[in-house]
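Listed below, chain by chain, are the residues.
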Amino acid sequence: MPNSAYTVIGNAQSRAARVLWMLEELGLPYEHVGVKPHASEVNAFNPSGKVPVLLVDGAPVTDSTAINQYLAKFGASFSITGTKPSWPGGKTSSTYQIQINGHPVDLGDNRTPLGTPCFRTALSAGDKSTLALAFFLARLDRDPALKDKVVVLDDPLSSLDEFRRAHTQQLICDLADRAAQVIVLSHDAFFLKRLCDASEGGRVKVMHIVRGKKDNFRLEPWDVHRDCRPDSQQAYFTIQTYLAEGAPEGELRTVAKELRICLEGSLRARFPADFGEQGMVGEFLKKLREAPEGSHLAESVEAEELAELEALNEYAKQFHHPGAPPVTNDDELRTFAERTLAFVHR
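Now for a quick tour of the structure.

Definitions and limits used
- Residues numbered from 1 in each chain as written.
- Predicted model: local features only at pLDDT ≥ 70, side-chain atom pairs only at ≥ 80, totals over all residues.
- Heavy atoms only, no water.
- Helix = DSSP H or I, 4+ residues; strand = E, 2+ residues; numbered from the N terminus.
- Rg over C-alpha atoms; globule rule 2.2 N^0.38 Å.
- Buried < 20%, exposed > 50% of the residue type's maximum accessible area, 1.4 Å probe, protein only.
- Contact = heavy atoms within 4.5 Å.
- Areas by Shrake-Rupley, 256 points an atom, 1.4 Å probe, with all protein chains shown as cover.
- Pairing = 2+ DSSP bridges.
- Patch = residues over 30% accessible without salt bridge, like charges linked within 9 Å, V, L, I, M, F, W, Y side chains within 5 Å.
- Salt bridge = Lys/Arg side-chain N within 4 Å of Asp/Glu carboxyl O.
- Axes fitted to C-alpha atoms, helices over the stretch in contact; angles between N-to-C directions.
- Parallel < 35°, antiparallel > 145°, perpendicular 65-115°, else oblique.
- Left-handed = near helix turned anticlockwise from the far one by under 90°.
- Nonpolar A, V, L, I, M, F, W, Y, C, P; charged D, E, K, R; others polar.

A word on the overall build of the protein chain
Looking only at helices and strands, the protein chain features 15 helices and 11 strands. Against the compact-globule benchmark of 20 Å for 346 residues, the protein chain has a radius of gyration of 30 Å, which places it well outside the compact range. With respect to the three principal axes, the spread of C-alpha positions in the protein chain is 90 × 45 × 40 Å. For the protein chain, the residues scored as buried account for 37% of the 346 residues in total. For the protein chain, the share of sequence-separated contacts (at least 6 apart) that also reach a separation of at least 24 residues comes to 55%. Here the protein chain displays about 20500 Å² of accessible surface, and carbon together with sulfur accounts for 51% of that area.

Examining the pairing of strand β3 (residues 53-56)
Each regular strand displays side chains that alternate between the two surfaces of the sheet. Covered by surrounding structure in β3 are V53 and L55 together with L54 and V56, the residues of both alternating faces. Bridging between strand β1 (residues 6-9) and β3 involves 4 bridges; their strand directions are antiparallel. Pairing of T7 across the sheet is with L55, part of β3.

Regarding a nonpolar patch on the surface
A contiguous nonpolar patch, built from V150, V152, I183 and L185 and spanning about 310 Å² of accessible area, is present on the exposed surface. Those elements that provide at least two residues to the nonpolar patch are β8 (150-154) and β9 (181-185). Here V150 lies in strand β8.

Re the packing of helix α9 (residues 231-245) against helix α10 (residues 252-270)
Angle between the axes and distance between the axes: these two values describe a pair of packed helices. Two elements in contact, α9 and α10, have axes separated by 8 Å at closest approach and are oriented at 130 degrees. Judged by the inter-axis angle, α9 sits oblique to α10. Seen along the crossing, α9 lies across α10 with a hand that is left-handed. The segment α9 lies against α10, with D231, S232, A235, Y236, T238, I239 and Y242 engaging L252, V255, E258, L259, I261, C262 and G265. Split by residue class, the contact of α9 with α10 holds 9 nonpolar, 3 polar and 2 charged.

Digging into the pairing of β8
Of the two faces of β8, the one holding V151 and L153 is buried and the one holding V150, V152 and D154 is not buried anywhere. Where β8 and β9 come together, 5 bridges link them in parallel fashion. Across the sheet, residue V151 finds its bridge partner in β9, namely V182.

Here is the structure:
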């Protein structure tokens, strides 16, 4: 074992006692700086002010307690245990085990026999991503220069981490308050929208990559809230924009297809149990016609409203079938667009 210099920062009445006991048992020489949490000697290596801080040759060792705290917040079903220093190739490092259901699992390597539980086989891709993020955040907690640094997070949330969305978002917002700047790269538009909603106005800028001519790519400002709208809301605003500004050349049929989607969204919100998650206007019209007298459906929709819905559906449905005709009459489409929004606003 190389002759490394150990320094333990933290008074003996804190968790530093565990580290002091270990060094005593191993018979290793060390220096003890007995100070309370948040003392200047602690903050110099751990901005969170937590103890203990263990320095090996002047470099702080990763705090397994902080990592496990992050894992617990992420809802992980595992933790790290058995952390101890090692010296591969004479360089100071540390090793650890993964504890799953109370059983420690070694990290393993390429020589680990098939069938032997190890890091590679015991953790899912989502768990590995979570562990890496916990290590990274714990390391940032110890960086005294964090307030002057730009932190880049590349896809911090995988498709396997749906149940970790809320806490991942909270941790990133907290990190943004402590670092000079945080850049989040993600394929998940809804997660990015969540980050925007949780951040104070004016602090967030959202960009996306746009492919131009000859496969040239560029960064452009992006309205993530618009692109995350449900289809029915998107349809509503498309119709509204068309009525206010007209449709781009060749886009009349696109607007016409949005009429039925807008109607479906409105009916689904108004009659969630009767319309159904995957319901269509035609099917709902049949339910309305066959509704017994005195039923909630029969009393909720008057004859005049039923006739208007039938007329709107008759016009709009033709644009959702193969071989649908082109929309050549802007005046006619405008009339049905106005009637659709008027129906939705009832």
